[in-house]
Amino acid sequence: MARQPRDSLTATVLSAGFLPERASSVAEGVDQVFGLIFWLSAFFLALIVALTVLFVVRYRRRPTRTEPEPSPSHDLRLELVWSGIPLALVFAIFAVSTRAYLRMTAPEPGPEAMRVQVTARRWSWWFEHPGGKGASDLHLVAGRPAALVMVSTDVIHSLYLPDFRLKQDVVPGRFTRLHLTPILAGTFPITCAEFCGTDHSRMTAKAVVHPDQASFDAWAREGAAPAASLADVGRALYASKGCIACHSLDGTPRVGPTFKNLWGKDEKLADGTSARVDEEYLRESILKPGAKVVAGFANVMPPVPLDEREMQGLAAWLQTLRDGP
Ligand code: CUA
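Keep in mind the model is a prediction, meaning the values are calculated, not measured. (Residues numbered from 1 in each chain as written. Predicted model: local features only at pLDDT ≥ 70, side-chain atom pairs only at ≥ 80, totals over all residues. Heavy atoms only, no water.)

Tell me about the pairing of strand S1 (residues 114-121), and name the residues and values.
Burial of S1 is extensive: 7 of the 8 residues sit out of reach of the surface. When S1 meets strand S5 (residues 146-152), the two strands line up parallel, connected through 7 bridges. Its bridge partner lying in S5, Ala120 is registered against Ser152. Pairing geometry for S1 and strand S2 (residues 124-128), over 5 bridges, is antiparallel. Following the sheet pairing, Gln117 is matched in S2 by Glu128. (Buried < 20%, exposed > 50% of the residue type's maximum accessible area, 1.4 Å probe, protein only. Helix = DSSP H or I, 4+ residues; strand = E, 2+ residues; numbered from the N terminus. Pairing = 2+ DSSP bridges.)

An account of the environment of Leu282 is requested, with residue identities and associated values reported.
Looking at the element boundaries, Leu282 is found in helix H6 (residues 279-287). A relative accessible area of 10% means that Leu282 is categorised as buried. Linking Leu282 and Trp263, residues 19 residues apart in sequence, is a C-alpha distance of 9.3 Å. With residues up to four places along the chain from it excluded, the contact list for Leu282 reads Trp263, Met311, Leu314, Ala315 and Leu318. (Contact = heavy atoms within 4.5 Å.)

For the nonpolar core, give the residues involved together with the corresponding values.
Ranked by internal contacts, the top residues of the largest apolar core, which has 33 residues, are Trp125, Phe127, Leu148, Leu159, Phe164 and Ile190. When near neighbours in sequence (up to four residues on either side) are disregarded, Ile190 contacts Trp125, Phe127, Leu138, Leu159, Tyr160, Leu161, Met203, Thr204, Ala205, Lys206 and Ala207. Residues Tyr238, Cys243, Leu314 and Ala315 belong to the second largest nonpolar core, which totals 25 residues. (Core = buried A, V, L, I, M, F, W, Y, C linked by side-chain atoms within 4.5 Å.)

Limitation: the analysis is restricted to geometry and does not speak to function.
Set out below in structure tokens:
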């Protein structure tokens with residue numbers, strides 16, 4: 001698979017020569033921050049060590065030692081210089097890292113983005129791709145934005161993609177996300193970066209970045225069709241948990257809002273604010289239905305305890321109830 005050469009001088013300087021390849025669109029920004037801090041630290045380490053050695057030699061105690069000249073206790077110009085220079089340097093680091101951080105926390109990618117549901121558990125990863133294909137490795141397409149929506153079924157884990165320069169905690173009872181665009185085709189390591197028990201160090205997986213959509217589709221068609229995709233799980237819950245009584249699928253409001261075209265919508269709430277219908281909103285509305293009541297509807301829904309897979313299933317199924325992409 002095609003890989004970018006990484007022997008350019010800038011690349012070597014940025015990564016100080018020992019970071020892995022830059023496989024996502026945010027990686028370069030992270031390496032700029034790393035390179036800046038690394039080389040600044042290297043410079044000051046060298047300066048301080050050199051001056052220490054120089055002063056030790058030059059001002060060592062000699063037999064003919066005389067009392068030192070009285071030195072001034074205060075020098076305003078000197079103090080301004082040694083306060084001003086570090087201040088400018090930390091502001092430079094702040095600026096460079098804020099720029100990289102803003103790029104990383106870019107808003108939700110559009111509908112063309114690939115949504116992958118990630119489940120972390122002791123001690124493995126599970127990735128469910130568009131079309132229902134589940135795998136223990138993450139599959140993405142080079143150049144296509146991706147949204148990873150993550151849950152944990154037990155303790156806190158952390159999805160760490162060193163080549164993508166990305167890391168995100170996966171927290172029980174919450175959906176967390178990572179938005180990224182892979183830029184290199186190839187296979188890259190995934191590890192867990194949050195100590196989660198005995199086999200934490202073996203909680204690894206691979207990120208396979210396909211060179212194009214056709215290659216991904218070919219992989220997704222391989223093997224047997226999944227027994228039940230996440231969306232199937234959600235559809236079954238809709239009937240078995242009784243959501244069907246209050247939430248229609250054809251656009252008619254009943255006791256509660258319809259599920260048709262609900263996903264991704266900005267809902268007007270009874271308290272005058274609004275909320276985007278996404279995984280977190282869904283979780284809250286199921287576990288604490290009174291927290292965000294949609295304007296025009298009464299607060300009558302009982303909490304419905306669901307496990308993580310059921311929660312993911314409902315989210316995946318609601319996404320299929322949209323017209324268009
Ligand atoms: Cu999961 Cu460490």
